[in-house]
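# Descriptive structure summary
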Amino acid sequence: MNQGKLIILSAPSGAGKTTVMRRIVETFPQLEFSVSATSRPPRGTEQNGVEYYFVTERQFLDDVAAGKFIEWEEVYGGTHYGTLRSEVERIWVSGRVIIFDVDVKGGVKLKSIFGRSALSIFIMPPSVATLRERLTGRGTDSPEAIERRVAKAEQEMRYAPQFDLTVVNDDLDVAVACIEEAIRRFLEI
Ligand code: ADP
Ligand code: 5GP
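Described in the following lines is the structure provided in the data block. Predicted model, so just to flag it, every value in this text is computed and none were measured.

Before going further, it helps to spend a moment on the packing of helix 1 (residues 17–27) against helix 7 (residues 172–187). It is the contact of helix 1 with helix 7, at a shortest axis distance of 10 Å, that shows an interaxial angle of 50 degrees. Regarding the angle of helix 1 to helix 7, the classification is oblique. When you trace helix 1 past helix 7, the crossing you get is right-handed. Residues Thr 19, Val 20, Arg 23, Ile 24 and Thr 27 of helix 1 form the contact with helix 7, whose own contacting residues are Leu 172, Asp 173, Val 176, Ile 179, Glu 180, Ile 183 and Arg 184.

Shown next as structure tokens:
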């Protein structure tokens, strides 16, 4: 019985969370992504209600005051992200398992709220040097932004022991297989 179960994926930026998430959602049709709210503008082909609910800073802070978030963080200077209570309720009513893509602090917070109902997974880069190479290779950030993300990643890696499982994303197929195995055990499938 998987009613009320949740899966949390967290990682320092550039560790491969988005890449891993795409593969996992394809493998497990019973998972549904919790769409967060953010005050950052859409990037590229992002659509409201698909990757995020895009709101103004003012709206975000009003929603915080109204208690609409289970957790929220200022992830990068001035940009807010938050997990909506309404998303969790919507997905649970549909009988599906929720999967969250949140930053490391958000992952720790969600695990502390949901306890044994949640499987929390930390995706670890093989090294800081590899992380920098991947961020450079992705080509979405300026050199300064890359250095900020790398510095933050070094802090975030200290949170790994607070997760149920840490998976090093060196070989992508190996990392995905390891995460899929953990999800199968958690969902008893
Ligand atoms: P995140 O969502 O954690 O910021 P991405 O999924 O965007 O990270 O991955 C960062 C970059 O690293 C992307 O260009 C992606 O294609 C690449 N990447 C992800 N996993 C691997 C891997 N195991 N080996 C090599 N490159 C990878
Ligand atoms: P991006 O702007 O690249 O989409 O996301 C930046 C970071 O914010 C990522 O680490 C992502 O996981 C995180 N994030 C997205 N939604 C949430 C959320 O609802 N809560 C928290 N704490 N972090 C989030």
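This next bit is on the pattern of salt bridges. The full count for this structure, using the stated rule, is 15 salt bridges. The salt bridge partner of Glu 32 is Arg 96, with a shortest N-O separation of 2.8 Å. A residue pair is termed long-range when its members are at least 10 positions apart, and Glu 32 in strand 2 (residues 31–33) and Arg 96 in the loop between helix 3 (85–93) and strand 7 (97–101) qualify at 64 residues. In this structure Glu 32 comes out as buried when scored by relative accessible area, which is 18%. For Lys 68, the salt bridge goes to Asp 63, with nearest N and O atoms at 3.5 Å. Residue Lys 68 is classed as partly exposed on the basis of its relative accessible area, which comes to 43%.

Taken in spatial order, the 5 strands make up an open sheet running 2-7-1-8-9, and their pairing is parallel. Strand pairing shows two members of the sheet lacking a second neighbour, strand 2 and strand 9 (165–168), which therefore form its edges. Neighbour-to-neighbour, the strand axes of the sheet open up by a mean angle of 25 degrees, direction not taken into account. Here 5 bridges tie strand 1 (residues 6–10) to strand 8 (residues 118–124), and the two strands are oriented parallel to one another. Bridge pairing in strand 8 links Leu 6 to Ala 118. Against the sheet, helix 1 makes contact with strand 1, strand 2, strand 7 and strand 8, and its axis sits at roughly 165 degrees relative to strand 7, the strand it touches most.

Our next topic: the site of ligand 2. Near ligand 2 you find 15 residues, and of these Lys 17, Ser 36, Tyr 52, Tyr 81 and Asp 101 are the closest. Interatomic distance of 2.6 Å between a side-chain N/O atom of Ser 36 and an oxygen atom of ligand 2. One of the side-chain N or O atoms of Asp 103 is found 2.8 Å from a nitrogen atom in ligand 2. For ligand 2, the protein covers 90% of the area, taking 520 Å² as the surface of the free molecule. Looking at the shell around ligand 2, the elements with two or more residues in it are strand 5 (69–76) and strand 6 (79–84). When the residues that make up the shell around ligand 2 are grouped by side-chain class, the tally is 4 nonpolar, 4 polar and 7 charged.

Moving on: the sheet that holds strand 4 (residues 52–54). For sheets, the rule is that strands pair by backbone hydrogen bonds, running either parallel or antiparallel. Pairing in this open sheet of 4 strands is mixed, and the strands run 4-3-6-5 from one edge to the other. Looking at which strands have only one partner, the edges of the open sheet turn out to be strand 4 and strand 5. On average, adjacent strands in this sheet sit at an angle of 25 degrees to one another, irrespective of strand direction.

With that settled, the discussion passes to the packing of aromatic side chains. Taken as a whole and assessed by the stated rule, the structure comprises 6 aromatic pairs. Ring geometry for Tyr 52 and Tyr 81: centres 5.7 Å apart, planes at 55 degrees, overall tilted. Remark: Tyr 81 occurs in strand 6 and Tyr 52 occurs in strand 4; sequence separation between them is 29 residues. Classification of Tyr 81 as buried rests on a relative accessible area of 17%.

This next bit is on the site of ligand 1. Around ligand 1, 13 residues are found, and the nearest of them are Gly 14, Lys 17, Thr 18, Thr 19 and Asn 169. Interatomic distance of 2.4 Å between a side-chain N/O atom of Thr 18 and an oxygen atom of ligand 1. Considering ligand 1 on its own, with 560 Å² of exposed area, one finds that the protein chains cover 73% of that surface. Broken down by secondary-structure element, the contributors of at least two residues to the shell around ligand 1 are helix 1 and helix 5 (128–138).

Rules behind the numbers
Residues numbered from 1 in each chain as written. Chains lettered and ligands numbered in written order. Predicted model: local features only at pLDDT ≥ 70, side-chain atom pairs only at ≥ 80, totals over all residues. Heavy atoms only, no water. Axes fitted to C-alpha atoms, helices over the stretch in contact; angles between N-to-C directions. Helix = DSSP H or I, 4+ residues; strand = E, 2+ residues; numbered from the N terminus. Parallel < 35°, antiparallel > 145°, perpendicular 65-115°, else oblique. Left-handed = near helix turned anticlockwise from the far one by under 90°. Contact = heavy atoms within 4.5 Å. Salt bridge = Lys/Arg side-chain N within 4 Å of Asp/Glu carboxyl O. Buried < 20%, exposed > 50% of the residue type's maximum accessible area, 1.4 Å probe, protein only. Pairing = 2+ DSSP bridges. Near = heavy atom within 4 Å. Polar contact = N/O pair within 3.5 Å; in protein donor to acceptor, adjacent residues only side chain to side chain. Areas by Shrake-Rupley, 256 points an atom, 1.4 Å probe, with all protein chains shown as cover. Nonpolar A, V, L, I, M, F, W, Y, C, P; charged D, E, K, R; others polar. Phe/Tyr/Trp six-rings, centres within 6.5 Å; stacked < 30°, edge-to-face > 60°.

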